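# Summary of the model geometry
Residue-level listing of the chains:
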Amino acid sequence: GMFVQNEYLLRIAVNLGVFMMLTYGLNIVMGFAGLLDLGYVAFFGFGAYQYALLSSPHLNTHLPTIATIPIIVVSTALLGLLVSLPSRRLFGDYLAIVTLFFGQVFVQLVLASDSITFPWAEESKDFTGGSNGIPGLDAFKFFGFEFTSIRHYYWFILVVLIFLTIAIVRVDRTRIGRAWRTIREDPLASESMGISINNLKTLAFVAGAAIAGFAGSIFA
């Protein structure tokens with residue numbers, strides 16, 4: 001698929017790359033740390049909508065891509081931190097219920113945020129476009145080079161996936177990676193060995209959320 005000329009196949013390859021990024025992020029949360037996060041896709045949506053609000057005519061905000069992506073990654077990581085706080089003492093089914101609730105709340109907020117009236121304003125404001133979404137987003141643009149075709153996004157996501165693969169493999173071999181696996185296998189035993197399981201659970205949520213937010217910006 002690397003040298004295919006067919007745009008349809010390239011679009012499939014880009015979508016596959018986006019889903020691979022999501023898999024990498026979810027693998028940190030569920031695969032390494034063993035945390036049953038059923039609301040993970042909300043981070044993906046959060047990143048996508050952030051890109052739509054920061055780089056589109058919708059709110060007449062056109063931040064450059066070099067600024068938008070770091071903002072999205074950091075803010076989605078912070079959202080992951082917030083979601084992890086009530087989940088720090090939860091495992092298994094209880095954690096799944098809390099994260100599923102977060103995912104469902106996000107969907108309802110997005111659908112309902114097409115008509116918000118603030119107390120100080122008379123007219124309502126459309127933030128998300130509701131079920132119609134936000135059209136006409138700005139293309140990625142780095143140092144004067146604008147992404148004008150699906151092929152540009154294909155090569156971009158290929159490079160991102162290579163760097164992510166290297167980073168995740170290296171992290172897996174560090175003390176943090178080994179500690180995540182001990183939490184997955186037996187949290188009580190790992191805590192008795194002096195591992196700070198709450199901080200490591202939070203770190204897994206934050207890392208996974210940041211990757212999902214980045215994937216969301218590309219998808220958007």
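Residues numbered from 1 in each chain as written. Predicted model: local features only at pLDDT ≥ 70, side-chain atom pairs only at ≥ 80, totals over all residues. Heavy atoms only, no water.

### Let's talk about the overall build of the chain
Which entries qualify depends on this criterion: Numbering of helices and strands starts at the N terminus; helices are DSSP runs of H or I of at least 4 residues and strands are runs of E of at least 2. C-alpha atoms define the radius of gyration, and 2.2 Å times the number of residues to the power 0.38 defines the globule rule. The cut-offs for exposure are 20% and 50% of the maximum accessible area for each residue type, with area from a 1.4 Å probe on protein chains only; residues under the lower value are buried, those over the upper are exposed, and the others partly exposed. Should any heavy atoms of two residues lie within 4.5 Å, those residues are counted as being in contact. Per-residue and other accessible areas follow the Shrake-Rupley method at a 1.4 Å probe size, with only the shown protein chains counted as cover for residues. A positive count includes Lys and Arg, and a negative count includes Asp and Glu. His and the chain ends are not counted in either. A charge is said to be at NZ when it belongs to Lys, at CZ for Arg, at CG for Asp and at CD for Glu.
Secondary structure assignment for the chain yields 8 helices and 4 strands. Taken from the N to the C terminus, the helices and strands of the chain come in the order α-α-β-β-α-α-β-β-α-α-α-α. Here the chain has a C-alpha radius of gyration of 19 Å; the compact-globule value for 220 residues is 17 Å, and the two agree. Its C-alpha atoms give the chain principal-axis dimensions of roughly 55 × 55 × 25 Å. For the chain, buried positions account for 40% of its 220 residues. Intrachain contacts of the chain at a sequence separation of at least 6 include 69% that bridge at least 24 residues. Counting every atom, the chain has about 12200 Å² of accessible surface; 67% of that belongs to carbon and sulfur. The centroid of the 13 positive side-chain charges in the chain is displaced by 14 Å from the centroid of its 13 negative side-chain charges.

### Some remarks on the nonpolar core
As a reminder, the rule being used: For our purposes a nonpolar core is just a set of buried Ala, Val, Leu, Ile, Met, Phe, Trp, Tyr and Cys residues, chained together by side-chain atoms within 4.5 Å.
With 50 residues, the main nonpolar core has M21, F43, F140, F156 and I218 as its most contacted residues. Sorting the residues of this core by element identifies α1 (7-32), α2 (41-54), α3 (65-84), α4 (92-112), α5 (150-172), α6 (175-185) and α8 (197-219) as the ones contributing at least two each. The contacts of F43, once residues within four sequence positions are left out, are D37, T76, L79, G80, V83, F102, A209, A212 and G213.

### With respect to the packing of aromatic side chains
As a reminder, the rule being used: A pair of Phe, Tyr and Trp rings is counted when the ring centres sit within 6.5 Å of each other, with Trp represented by its six-membered ring. The angle between the planes then sorts it: under 30 degrees is stacked, over 60 is edge-to-face, the rest tilted.
The tally for this structure, following the rule as stated, stands at 16 aromatic pairs. Relative to Y153, the ring of F140 has its centre 5.5 Å away and its plane inclined at 55°; by these criteria the two rings are tilted. Of this pair, F140 sits in the loop between α4 and β3 (141-142) while Y153 sits in helix α5, and the two are 13 residues apart along the sequence. Accessibility assignment for this pair places F140 and Y153 in one class, buried. With a centroid separation of 5.9 Å and an interplanar angle of 65°, the aromatic rings of F145 and F147 are classed as edge-to-face. F145 sits in the partly exposed class, given a relative accessible area of 44%. One aromatic cluster in this structure is built from Y51, F140, F142, F145, F147, Y153, F156 and F214.

### Description of the pattern of salt bridges
The test is simple: Whenever Lys or Arg places a side-chain nitrogen within 4 Å of a carboxyl oxygen from Asp or Glu, that contact is recorded as a salt bridge.
In total, this model carries 2 salt bridges according to the counting rule given. E185 is the salt-bridge partner of R184, the closest N and O atoms lying 3.1 Å from each other. The class for R184 is partly exposed, based on a relative accessible area of 35%. Note on E185: relative accessible area 58%, which makes it exposed.

### A few points about a nonpolar patch on the surface
Rule in force here: For patch detection, residues must exceed 30% relative accessible area and be free of salt bridges, and they are connected within 9 Å for like charges or within 5 Å for nonpolar side chains (Val, Leu, Ile, Met, Phe, Trp, Tyr).
Together, V74, L78, L81, L82 and L85 line one region of the surface with nonpolar side chains, adding up to about 460 Å² of accessible area. With respect to the helices, strands and loops of the structure, L78 is situated in helix α3.

### Considering α8
Our working definition: Residue count minus one, scaled by 1.5 Å, sets the expected span of a helix.
Helix length check: α8 (23 residues) gives 33 Å between terminal C-alpha atoms against 33 Å at 1.5 Å per residue, within 8%. Of all 23 residues in α8, 18 are buried, a share of seventy percent or more.

### Comments concerning the packing of α1 against α8
Rules: Only C-alpha atoms enter the line fits that serve as axes; for helices the fit covers just the stretch in contact. Angles between N-to-C directions range over 0 to 180 degrees. Working definition: roughly parallel below 35 degrees, roughly antiparallel above 145 degrees, roughly perpendicular at 65 to 115 degrees, and oblique for all remaining angles. Any residue outside Ala, Val, Leu, Ile, Met, Phe, Trp, Tyr, Cys, Pro, Asp, Glu, Lys and Arg is labelled polar, Gly included; the first ten of those are nonpolar and the last four are charged.
At a closest axis distance of 7 Å, the pairing of α1 and α8 adopts a crossing angle of 170°. Relative to α8, the element α1 lies roughly antiparallel. Residues N15, V18, M21, L22, G25, I28 and V29 of α1 form the contact with α8, whose participating residues are A204, F205, A207, G208, I211, A212, F214, A215, I218 and F219. Looking at the contact of α1 with α8 residue by residue, the class counts come to 14 nonpolar, 3 polar and no charged.

### As for the confidence of the model for the chain
The following threshold applies: pLDDT is a per-residue confidence score from the predictor, ranging from 0 to 100.
The predicted model of the chain has a mean per-residue pLDDT of 89, with 98% of residues at 70 or higher. Taken element by element, the predicted model of the chain shows its lowest mean pLDDT in helix α7 (residues 187-192) (82) and its highest in α2 (95).

### Details of α5
The α-helix winds at 3.6 residues per turn, so residues separated by three or four positions along the chain end up facing the same way. Given a rise of 1.5 Å per residue, 23 residues ought to cover 33 Å, and the 32 Å separating the end C-alpha atoms of α5 matches this to within 8%. Residues of α5 that are buried include every one of I150, Y153, Y154, F156, I157, V160, L161, L164 and I168, and no others. The inward-facing, buried residues of α5 contact α1, β3 and α8.

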